[in-house]
Amino acid sequence: MGPSSTSHAGTGKLIPPFPPQTQLDGLLAGAGYKVRSSDLHLVAQRLESLESAMVSSPSHVVSHLASDTVHYNPADLVSWVDSLLSELTHSHHHPSNPSSSSSSSSTSPPSRPLPVDLDDLFSVPSDAINWVQSEMPLSQQPPPPPPPPQQLTVVTTMEEDSGIRLVHALMTCAELVQRGDLHLAGALVDEMTALLTSINTECGIGKVAGYFIDALSRRIVGAGSVPAPPHETEILYHHFYETSPYLKFAHFTANQAILEAFEGYDCVHVIDFSLMHGLQWPALIQALALRPGGPPLLRLTGIGPPSPDGRDTLREIGLGLAEVARSVNVRFAFRGVAASRLEDVKPWMLQVNPNEALAVNSIMQLHKLLGPDPTPIESVLSWIRGLNPKIVTLVEQEVNHNQTGFLDRFTEALYYYSTVFDSLEAACQIQPDKALAEMYLQMEICNIVCYEGAARVERHEPLAKWRDRFNRAGFRPLHLGSNAFKQASMLLMLFSTEGYSVEENEGCLRLGWHSRPLIAASAWQASPGPLPLPLPMGADDYWNDD
C-alpha cells in the first residue's frame, strides 16, 4: 500500500493526505471501499469483465455466486471483483453437471484456452460461447436467459449510492459556505465534480447537481454569474413556455380570471408587469372577441426592459398584438413602458382611466421586489391598491427561496428544482427546446445560490406568505372559479405524460408534479374602504423569515 499517511490535526482535510501514488479515492472510501485513485481505471475494467462473464455464465453459476460463495474482504473492491471472476473461471473448469462434460464426439466445438487475464475475457469469440446452441435446431433451442437480476441490482445500487452521496456532499458544501469555510467548500466542490463522472448527468440528480455545483463554485470564487441580456432571457423564457405546462397554466388561469372580472364592461385595461413577447394576450383577445354582446375596447399596457440596440421592441410586440385584435374585430390600444426594474415604474406612467375596468397581471414578477431594506414590495402594492383594480392576478413559484440562512435556501432550491427538472424530462423529449428551457432555470439557480443583497432577485415565497402580504396591503381574495380549474385540467391533458396535477386551495389553484406543488395562482381585489397605513420601514422582514 505504500508509506502510511500521517494525520494532521486541524488541517480540515476531507481525505487523509496520502502521497499521490497511493492515495485512496475519497468518495469510494466514504462508502467503505478501499481503492487507490490510480487504480480506478482497473476497477472499471474488472467490473466490465465481471458483467460480461456473468452474462455468459449459466444461471446456476450466477445463483451460486449470489448464495454459496464466500467473498473475502469485500471492502477491498479490486480483490472482491477478482474473487468473483475466479469463481466464474473455476465454474467453467468444473461444470456442476458431470454428465455434460463426459460426452465427447466429432461434433465437439474446437478447443479454446480459457481466458487467463481480464483482457482475454473480451477476446473470446461469441461463437465459442454459444456454439452448442447454434448447432441445435431452432425449435429445440431454449430462449436466451434474461440478464441476472443481481447484475441489474448492483448497477442500480451503485448509481443510487453515488447520487445519495452527491446530495449529502452538496448539503455539506452549502453548510461550509454558510459558515464561511470557503477553502474546505472549494475542496468539496472538486470532489463532487469528480463524483459526477460516475453518474448520468443527462437526467435526474446528476443533471441538477451539476447546475448546483457550478453555482456553488461561482459563489466560492466570487465570480457570480453574468446576467443574460434581456432579449436572451426572453428567448429562454419562450422555450420554457413551450416545453412545460407551467407558464401556460399561469397564462390561461390568469386570463380566465380577467375575462370573468371584465364581464359587463365596455372599456377594459390590462397592465402586464412583464410583457415577454406578449405570449399571454392573443388568447385573451380571442376570448373577448367571442363575448356575448360584442367585445369591449381593450387597452394593454406592457412593461418590459429597454432594448439594448435602440429598437422599440415593446412597440413591435404591440403591433403584432394589434394585428391579432384586428383579425377578430376587437378594438385595441397598446402602450409600452420601458423599465429595467419593476420598482422604477410609477403610476402616472400607466395612464389609467377611472372609467375603465382595470386588471393588473403579475406572472412570477413580484418576488423580485422582496429584496433587502428598503424593500419596494410595500410601495408597489400600495400604488396598485390606489388604482382600484377590478382584479390583480398573481402567479408565483410555490417555494420559499427568501430565507435569510443560506443553507435553508439552498436546501429548498435543491429539492424544488430537482422536481421541476424531473417534470421537464417527462414532458419534453425535444433536446434543443429542453436544453434552452433548462438554461432559463439555471439562471434562477445561479441567482439563488451565487448572490446576496440587492443582486439576489429570485426571492420566491409560497402562497401562504403572499396571502398575508396582500391582506395587509388592503386586498381581499377572489376565488378562481370552476372555469379556471377546468381550463387548467384541460391544459394538462395536452401533455402526454402522467404526473402533473392541479389542485384547488382556498380559492387558489396550484400546479404540481407528483403531489409536489410548484406554482400557485391567485386573484385579488382592492378591499373597500381607506388605504391601509404603510408598515414601518423594515417590518416586512418579519414576514420573510421562517
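Residues numbered from 1 in each chain as written. Predicted model: local features only at pLDDT ≥ 70, side-chain atom pairs only at ≥ 80, totals over all residues. Heavy atoms only, no water.

How should the packing of helix H16 (residues 377–386) against helix H19 (residues 463–472) be read in this particular structure?
What describes two packed helices is the angle between their axes and the distance between those same axes. Interaxial distance between H16 and H19 falls to 10 Å at its minimum, and their mutual angle equals 55°. Regarding the angle of H16 to H19, the classification is oblique. Every pair of crossing elements has a handedness; the one defined by H16 and H19 is right-handed. Packed against H16, whose contacting residues are Ile-377, Glu-378 and Leu-381, the element H19 presents Trp-466, Arg-469, Phe-470 and Arg-472 at the interface. (Axes fitted to C-alpha atoms, helices over the stretch in contact; angles between N-to-C directions. Helix = DSSP H or I, 4+ residues; strand = E, 2+ residues; numbered from the N terminus. Parallel < 35°, antiparallel > 145°, perpendicular 65-115°, else oblique. Left-handed = near helix turned anticlockwise from the far one by under 90°. Contact = heavy atoms within 4.5 Å.)

Just to check I follow, could you spell out the nonpolar core for this structure?
One recurring pattern in soluble globular proteins is that nonpolar side chains are buried together. Of all hydrophobic cores here, the largest spans 94 residues; its most connected members are Met-192, Phe-212 and Leu-216. Of all the elements, helix H17 (residues 406–427) adds the most residues to this core, at ten residues. Residues contacting Phe-212, with those up to four places away along its chain left out, are Leu-170, Phe-410, Ala-413, Leu-414, Tyr-417, Ile-445 and Val-449. If you look at the next biggest cluster of nonpolar residues, it comprises 27 residues, including Val-337, Ala-339, Leu-342 and Val-360. (Core = buried A, V, L, I, M, F, W, Y, C linked by side-chain atoms within 4.5 Å. Buried < 20%, exposed > 50% of the residue type's maximum accessible area, 1.4 Å probe, protein only.)

Is there a simple way to think about the pattern of salt bridges in this case?
Where charged atoms from two side chains of opposite charge come close, those side chains can pair. In total, this model carries 17 salt bridges according to the counting rule given. Where Arg-218 meets Asp-214, a salt bridge forms, and the shortest distance between an N and an O atom there is 3.0 Å. Taken together, the positions of Arg-218 and Asp-214, both in helix H11 (residues 204–221) and four residues apart, correspond to about one turn of that helix. Assessed through its relative accessible area of 26%, Asp-214 is described here as partly exposed. Across the salt bridge formed by Arg-456 and Glu-452, the nearest N and O atoms sit 3.6 Å from each other. You can call Arg-456 buried: its relative accessible area is 5%. (Salt bridge = Lys/Arg side-chain N within 4 Å of Asp/Glu carboxyl O.)

Would you mind going over empty space enclosed by the protein with me for this structure?
For the coordinates displayed, the defined rule picks out four cavities of 30 Å³ or more. The calculated volume of the largest cavity comes to roughly 100 Å³. Lining the largest cavity are Phe-240, Tyr-246, Met-364, Gln-397, Tyr-416, Tyr-417, Val-420, Tyr-440, Leu-441, Glu-444, Leu-518 and Ile-519. Listing elements by their share of the lining of the largest cavity, those giving two or more residues are H17, helix H18 (431–450) and strand E9 (516–526). The volume enclosed by the second largest cavity comes to roughly 80 Å³. If you trace the second largest cavity, you find it lined by Tyr-237, His-251, Asp-272, Ser-274, Leu-275, Met-276, Leu-279, Gln-280, Trp-281, Asn-361, Ile-363 and Gln-365. Here the residues of the lining of the second largest cavity sort into six nonpolar, five polar and one charged. (1 Å grid on protein atoms, 1.4 Å probe; cavity = no way out; pocket = protein on both sides within 12 Å on 5 of 7 lines; lining within 4 Å. Points joined across faces, edges and corners; volume = space filled by probe spheres on them. Nonpolar A, V, L, I, M, F, W, Y, C, P; charged D, E, K, R; others polar.)

So what exactly am I meant to see when it comes to the side chain of Arg-467 here?
Relative to the helices and strands, Arg-467 resides in helix H19. When residues no more than four places from it in sequence are discounted, the contact partners of Arg-467 are Asn-505, Glu-506, Cys-508 and Trp-524.

I would appreciate a short explanation of helix H15 (residues 313–327) in the present structure.
For an α-helix, 3.6 residues make a turn, and residues three or four places apart therefore share a direction. In a regular helix each residue adds 1.5 Å, so 15 residues correspond to 21 Å; H15 covers 22 Å between its end C-alpha atoms and thus fits that length. When we look at burial in H15, the residues that qualify are Leu-314, Ile-317, Gly-318, Leu-321 and Ala-325. Take H15 and look down its axis: the buried residues cluster within an arc of 100°, on one side only. Seen from the buried face of H15, the exposed residues on the opposite side, beyond 90 degrees, are Arg-315 and Arg-326. Close packing links the buried residues of H15 with helix H14 (281–289), strand E2 (297–304) and strand E3 (332–338). Just downstream of H15, Asn-329 is the residue with a positive phi angle, here 65°. (Expected span 1.5 Å × (residues − 1). Arc of directions from axis to C-beta.)

Can you help me understand H11 in this one?
In a regular helix each residue adds 1.5 Å, so 18 residues correspond to 26 Å; H11 covers 27 Å between its end C-alpha atoms and thus fits that length. For H11, the full list of buried residues reads Gly-206, Lys-207, Val-208, Ala-209, Tyr-211, Phe-212, Ile-213, Ala-215, Leu-216 and Ile-220.

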